[in-house]
Amino acid sequence: MAALAVATAALAGCGDDAAPLSTFVLLDGSSQTTQQLKGKVTLVNFWATSCTTCVGEMPQVISTYDKYKDKGYDTIAVAMSYDPPSYVVNFAQTRKLPFKVAIDNTGAVAKAWGDVQLTPTTYVVDKQGQIVKKYVGAPDFAELHKLIEKLLAA
């Protein structure tokens, strides 16, 4: 348990690092690169359909997206490579996910973003393409909203 606490503490802070260059393959077959995120505040959420915390936080991820989407905010939910694509598609359709959903079928995106293995892992990327916050586990959504509002105002 102590080792987990140390690992989580080490991951909690995130400096102003540029979001890694990666290509997200979306459910509709199109793709989006991290370069295309610039100009918006973006939540990049690594998740899995088998992750109970991920499933549990999804309604709040949706409401956060709905609250800020018209103000320059976007969300990309990146399903982990071990998640069967049919499960991801089914989840996205039945829950009517309103934002972009990507499948990281090779694991390359998770690797590029700091070798993400724990889900949910969520990054907040500012308009300049810098990672300003990383959450391992469900974010404190009140704190997240304050951060999004600050970044949108900048």
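Anything mentioned here points back to the structure above.
## Focus on the overall build of the chain
Part 1: Counting its secondary structure elements, the chain contains five helices and eight strands.
Part 2: Across the 154 residues of the chain, 45% fall into the buried class.
Part 3: Here the analysis covers contacts within the chain between residues at least 6 apart in sequence; of these, 70% occur between residues at least 24 apart.
Part 4: Summed over its atoms, the accessible surface of the chain is roughly 7,700 Å², and 56% of this surface lies on carbon and sulfur atoms.

## A short note on the pairing of strand 4 (residues 41-47)
Part 1: With seven of its seven residues buried, strand 4 lies for the most part within the structure.
Part 2: Alignment of strand 4 against strand 5 (residues 73-79), held across seven bridges, turns out to be parallel. Its bridge partner being in strand 5, Trp 47 is matched across the sheet by Ala 79.
Part 3: Note that the unit made of strand 4, helix 2 (residues 52-68) and strand 5 has a crossover that is right-handed.
Part 4: Alignment of strand 4 against strand 7 (residues 121-125), held across five bridges, turns out to be antiparallel. Within strand 7, the residue paired with Leu 43 across the bridge is Val 124.

## A few points about the environment of Val 124
Part 1: Topologically, Val 124 is positioned in strand 7.
Part 2: Overall, the relative accessible area of 1% leaves Val 124 in the buried class.
Part 3: Val 124 sits 81 residues away from Leu 43 along the chain, and the two C-alpha atoms are 4.8 Å apart.
Part 4: Setting aside anything within four residues of it in sequence, one finds Val 124 in contact with Val 41, Thr 42, Leu 43, Gln 130, Ile 131, Val 132, Lys 133, Tyr 135, Leu 144, Leu 147 and Leu 151.

## So, the packing of aromatic side chains
Part 1: A full pass over the atoms with the stated rule returns seven aromatic pairs.
Part 2: On the basis of an interplanar angle of 50° and a centroid distance of 6.3 Å, the ring pair of Phe 24 and Trp 113 is categorised as tilted. Separated by 89 residues along the polypeptide, Phe 24 in strand 2 (residues 23-25) and Trp 113 in the loop between helix 4 (108-112) and strand 7 bring together distant segments of the chain.
Part 3: Given a relative accessible area of 1%, Phe 24 falls into the buried group.

## Side note on the sheet that holds strand 7
In any sheet, the strands associate via hydrogen bonds between backbone groups, in a parallel or an antiparallel arrangement.
Part 1: Taken together, the six strands give an open sheet; going across it, the order is 1-8-7-4-5-6, and neighbouring strands pair in mixed fashion. What marks the edges here is a single partner per strand, and that holds for strand 1 (17-18) and strand 6 (100-103).
Part 2: Seen against the sheet, helix 2 touches strand 4, strand 5 and strand 7 and runs at an angle of roughly 155° to strand 5.

## Digging into the environment of Lys 134
Part 1: Mapped onto the fold, Lys 134 is located in strand 8 (residues 130-136).
Part 2: Sequence separation of Lys 134 and Leu 43 is 91 residues, and the distance between their C-alpha atoms is 9.8 Å.

## Observations concerning the side chain of Thr 121
Part 1: Position of Thr 121 among the secondary structure elements: in strand 7.
Part 2: With near-sequence residues (within four places) excluded, Thr 121 lies in contact with Val 44, Asn 45, Phe 46, Val 116, Lys 134, Tyr 135 and Val 136.

## Quick look at helix 3 (residues 85-94)
Part 1: Within the span of helix 3, buried status applies to Val 88, Phe 91 and Ala 92. Buried residues of helix 3, seen end-on, are gathered within an arc of 95° and therefore sit on one face of the element.
Part 2: The inward-facing, buried residues of helix 3 contact strand 4, helix 2, strand 5 and strand 6.
Part 3: Two residues or fewer past helix 3, Lys 96 is found with a positive phi of approximately 50°.

## Here we look at the environment of Lys 71
Part 1: Residue position: Lys 71 is located in the loop between helix 2 and strand 5.
Part 2: Spatially, the C-alpha atoms of Lys 71 and Leu 152 are 7.2 Å apart, while their sequence positions differ by 81 residues.

Conventions and cut-offs
- Residues numbered from 1 in each chain as written.
- Predicted model: local features only at pLDDT ≥ 70, side-chain atom pairs only at ≥ 80, totals over all residues.
- Heavy atoms only, no water.
- Helix = DSSP H or I, 4+ residues; strand = E, 2+ residues; numbered from the N terminus.
- Buried < 20%, exposed > 50% of the residue type's maximum accessible area, 1.4 Å probe, protein only.
- Contact = heavy atoms within 4.5 Å.
- Areas by Shrake-Rupley, 256 points an atom, 1.4 Å probe, with all protein chains shown as cover.
- Pairing = 2+ DSSP bridges.
- Right-handed = clockwise from strand over helix to strand, strands pointing away.
- Phe/Tyr/Trp six-rings, centres within 6.5 Å; stacked < 30°, edge-to-face > 60°.
- Axes fitted to C-alpha atoms, helices over the stretch in contact; angles between N-to-C directions.
- Arc of directions from axis to C-beta.

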